[in-house]
Each structure stands twice: as structure tokens, then as C-alpha cells.
Amino acid sequence: MKFNTKTIHGKQHPDKAYGAVMPPIYQTSTYAQTTPGGHKGFAYSRSHNPTRHALENAFASIENGEFGLAFGSGLAAIDAVMKLLKPGDEVISTNDLYGGTYRLFTSIFEGFGIKFHFVGMENAANIENYINEKTKLIWVETPTNPMLNIIDIKAVALIAKKHGVLLSVDNTFATPYLQQPLDLGADIVMHSATKYIGGHSDLVMGALIVKDKDLADKLYFIQNASGAICGPQDSFLALRGIKTLHVRMQRHCENGKAVAEYLASHPKVESVYWPGFKNHLNHNIAKTQMKDFGGMLSFNTKGNNYEEAIKVVENLKIFTLAESLGGVESLVGHPASMTHASIPKAEREKIGVVDSLIRLSVGIEDEEDLINDLKQALG
Ligand SMILES: *Cc1c(COP(=O)(O)O)cnc(C)c1O
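For clarity, every value in this text was computed on a predicted model and none was experimentally measured. (Residues numbered from 1 in each chain as written. Predicted model: local features only at pLDDT ≥ 70, side-chain atom pairs only at ≥ 80, totals over all residues. Heavy atoms only, no water.)

Visitor: How should the domain arrangement of the protein be read in this particular structure?
Guide: The parts lose accessible area when they come together, and the size of an interface is often stated as this lost area. Looking at the assigned domains, one finds that the protein contains domain 1 (3-242) and domain 2 (246-378). With centres defined by C-alpha atoms, the gap from domain 1 to domain 2 works out at 26 Å. At the interface, 42 residues of domain 1 touch 42 residues of domain 2. For the domain 1 and domain 2 pair, buried surface summed over both sides reaches about 3300 Å², with 63% attributable to carbon and sulfur atoms. Of all residues in domain 1, the largest losses of buried area upon contact with domain 2 belong to Met147, Tyr177 and Tyr196, amounting jointly to 23% of the total for that side. One can count 0 salt bridges joining domain 1 with domain 2. Our enumeration of links across domain 1 and domain 2 arrives at 16 residue pairs in polar contact (both at pLDDT 80 or more). Secondary structure elements with two or more residues in the side of domain 1 that touches domain 2: helix H1 (3-9), helix H4 (99-109), helix H5 (153-163), helix H6 (175-178) and helix H8 (232-242). Grouping the constituent residues of the side of domain 1 that touches domain 2 by class yields 20 nonpolar, 16 polar and 6 charged. (Domains from an automatic or database assignment. Contact = heavy atoms within 4.5 Å. Buried area = accessible area lost by both parts, 1.4 Å probe. Salt bridge = Lys/Arg side-chain N within 4 Å of Asp/Glu carboxyl O. Polar contact = N/O pair within 3.5 Å; in protein donor to acceptor, adjacent residues only side chain to side chain. Helix = DSSP H or I, 4+ residues; strand = E, 2+ residues; numbered from the N terminus. Nonpolar A, V, L, I, M, F, W, Y, C, P; charged D, E, K, R; others polar.)

Visitor: Would you take a moment to explain empty space enclosed by the protein for this structure?
Guide: Sizing a probe to match a water molecule and rolling it over the atoms shows the empty space that remains. In total, this model carries 3 cavities of 30 Å³ or more according to the counting rule given. The space that makes up the largest cavity amounts to roughly 40 Å³. Lining the largest cavity, in full, are Pro143, Leu148, Phe173, Ala174, Leu178, Met290, Phe293, Gly294, Gly295 and Met296. Tallied by class, the residues present in the lining of the largest cavity amount to 8 nonpolar, 2 polar and no charged. Mapping the lining of the largest cavity onto the domain boundaries places at least three of its residues in each of domain 1 (3-242) and domain 2 (246-378). (1 Å grid on protein atoms, 1.4 Å probe; cavity = no way out; pocket = protein on both sides within 12 Å on 5 of 7 lines; lining within 4 Å. Points joined across faces, edges and corners; volume = space filled by probe spheres on them.)

Visitor: Whenever I open this one, the packing of helix H2 (residues 50-62) against H8 confuses me. Can you help?
Guide: Helix-helix packing: each pair is described by the crossing angle between the helix axes and the interaxial distance. The N-to-C vectors of H2 and H8 enclose an angle of 30 degrees; their axes lie 8 Å apart at closest approach. On the basis of their axis angle, the class for H2 and H8 is roughly parallel. Considering the relative orientation of H2 and H8, their crossing is left-handed. Side by side, H2 and H8 meet where Thr51, Arg52, Ala54, Leu55, Ala58, Phe59 and Ile62 of the first sit next to Pro232, Ser235, Phe236, Ala238, Leu239 and Ile242 of the second. Classifying every residue of the contact of H2 with H8 gives 10 nonpolar, 2 polar and 1 charged. (Axes fitted to C-alpha atoms, helices over the stretch in contact; angles between N-to-C directions. Parallel < 35°, antiparallel > 145°, perpendicular 65-115°, else oblique. Left-handed = near helix turned anticlockwise from the far one by under 90°.)

Visitor: Just checking my understanding: could you explain the environment of Thr30 for this structure?
Guide: Looking at the element boundaries, Thr30 is found in the loop between H1 and H2. Along the chain, Thr30 and Asn49 lie 19 residues apart, while their C-alpha atoms are 9.0 Å from each other. For Thr30, the side chain forms a polar contact with the main-chain oxygen of Ala43, separated by 3.3 Å.

Visitor: Just checking my understanding: could you explain H4 for this structure?
Guide: Each α-helix winds once per 3.6 residues, and so residues spaced three or four apart point in a common direction. Within H4, 8 of the 11 residues are buried, which leaves the element mostly enclosed by the surrounding structure. Among the residues making up H4, those that are buried are Gly99, Gly100, Thr101, Tyr102, Leu104, Phe105, Thr106 and Phe109. Those residues of H4 that are buried are in contact with helix H3 (74-82), strand S2 (90-94), strand S3 (115-119), strand S4 (135-141) and helix H12 (345-350). (Buried < 20%, exposed > 50% of the residue type's maximum accessible area, 1.4 Å probe, protein only.)

Visitor: Is there a simple way to explain the site of the ligand in this structure?
Guide: If you check the shell around the ligand, you find 14 residues, and the closest are Gly74, Asp170, Ser192, Thr194 and Lys195. Side-chain polar atom of Ser192 to an oxygen atom of the ligand: 2.8 Å apart, as the coordinates give it. Interatomic distance of 2.7 Å between a side-chain N/O atom of Thr194 and an oxygen atom of the ligand. About the coverage of the ligand: the protein hides 94% of its 380 Å² of free accessible area. Judged by the proximity of its atoms to the pocket grid, the ligand belongs to the second largest pocket. (Near = heavy atom within 4 Å. Areas by Shrake-Rupley, 256 points an atom, 1.4 Å probe, with all protein chains shown as cover. Sits in = over half its atoms within 2 Å of the grid points.)

Now the structure itself:
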């Protein structure tokens, strides 16, 4: 089955009770038993819920995995992965990282005795400098948020395999429409399903997808034991989002390209970060591991002026100033004061998240309207 068919049919079946094509929202915490333990595989909704299971199967299908797990947020999904580790273990992580992931690693898990190395992975070989016998996990985000750095998943996977270390990839920006990390050798794919998978800015959710049964069992145990599940209503919405993922992504990519090219030609713009440009670092890797270049991009206004950047952000009318990304509507963000405010200024400026950086999540509106909006805001 090809991807565009999988989004609609992959591991999905009409509901057994009445043949409903969309799974009913099983808004229940518990299930009747005929005798203690006498139930139909569903005893309590933290452990099992039919709507969530339908979604988890769809997650597995679109990422070419065997097992999917849905969580109450992307960070809850990452939290579950980290609970595979023990005090003393070490993690090698991408240095340009979603701010909340950085906060979870440094403010929560460092306190539990896990050591993190934040490493530039644009050259994958750099990772080997940080591997030792305590290394248990490599955490990759690609394209990265907000600098759109590209990391060679296949090359990192080879290093991970060689040293017997797990590789987890945050695939939120690319989505499985553009990139399928399990096929490239990753062990775990993670999503903030809040973004492109949900696609309509109406839910907060996370996902993990794996191929290996033992790894899946460990993660299911953590999901149930720690309990950071998502509810049935949100599961239904995410499942509905998945069914249009491919058409939305196609338009996100088309509009992203148009906006990136327009900004690159604008006299008031200093630099544009978009993996589709030939001079973008690792453009050739993006070309081979991704189907297209996505709808996310960042740019700097000339002079790297904070006030100027804030003015542009405030003047935009169709692009809404808001946190988050990946919805049908175009959003604009100021990473230094919003999504990445939890990263110390010196740390974020090292990787390019300067005060004048503006991030766009290009939506699926009319391309000309989006460009005209940027034109008036920059003017
Ligand atoms: C938003 C986001 C997260 C966190 O997900 P939540 O659903 O907000 O908890 C993690 N990684 C990336 C790349 C994100 O954009």
C-alpha cells in the first residue's frame, strides 16, 4: 500500500459493532466484566481504549512501523522514551532542539542522573566523539527547530547500530509524508501530533512508533505505568487529521517553497533558512532522505535588529502570531522570546537563534495572499 492510501486505510478497519467507517469516540474510563477479569480485552482506559488503539494502529502504518503509542503531548511521548534509561546513562542529542525537549532533558532528566551531550550533528561522524560505554540513546531532530538543520538519519543509524545504542528521531517537522526514519534505520520515531499530524491546531498529542516488539512492550509498560495517555476525543481528531496528511503536506511544501523564494529575493531580508535551497547546509541529504522540503522556514531581517523583527511579526495579518506549527493556517513565531525562551540566550545564539530570527509555519492558504501579507509587513 502506498503512503497516500495508508493515511486513509492503513491498519484501519470499520468498527466491529455497527460498521462505522470512522471509529466511535469511546468516551469511557471502564468496561463491564462478566466475572473478575472476564472482559473483551478492555478493562480500563489508561491501559486500553478502542479509539486510541485505532489511532495507534494508524500511527504505526504511516511510519512503516509495527507498533504505535499515543500520548497526551509530544513531551509526554519523549518523557516515556527517557524512562527507558537509568541513572548514569548518557544521551547524545541534537544541539538545535525544540525548546521544550531541551527543558525536559536538562531540568528533569539531568536531575535523575542522566547525562546529556548536545552535539552538532550536521556531520554525523561528530557523534562518535561522545560515545562511550554509558551511551544508551541518540536523540535526533531533523529538520531542526527553528534553524532547519538537516541531519543524515541513515549515517547516524549506522553509528548507533555499530555501538548498540538506540536511535530516536523527532519527525514532527517532516512528518511521515516527507521522511520515514524507521526505514532509514531509526529504532523509535517520535511526533508532536499537535502539529502536522493533527493538522488543525485543535489538539495536543504525542506519538511513538517502533518496529521491535521488545522495545514496544517496554514503551507500552511505561505508557500504562506512567499514564500520560491522550483521551478518545483527541484520538478521533488526530485520526481524522491523518486522513488528509498527504494532501495538506503537498500544499504546505508548495507554499513553503514559494514563500522561501520570495523572502530570499526581498531586499530587507538577510538570510532564509529552508532546506530546499541548494546552498542550505546538507541540502543534498534533505533531497535524498525527504520527499520534499516542508512548510517550515526561518529568516532574519537585515541588520539583525530585534525591534525590526518584532515590527514585522506584529504587522503580519494572515500569518497569526502564535506558538505551535503545522496547522492549516499560517503562523509566525519569534523563537527567542517564544518557543525557545527556555534555552539560555548564549546557548541559543550559538546555534543561530538570535533575537531577530522569525519562524514561519506556512499554511495551506492561497500562495499569493501569503506573499502579499509578507510584502506589506516587510514594507
Ligand atoms: C511541539 C514540538 C514538540 C513538543 O510537543 P508537544 O505536543 O507540544 O508536547 C517536540 N518536538 C518538536 C519538534 C515540536 O515542534
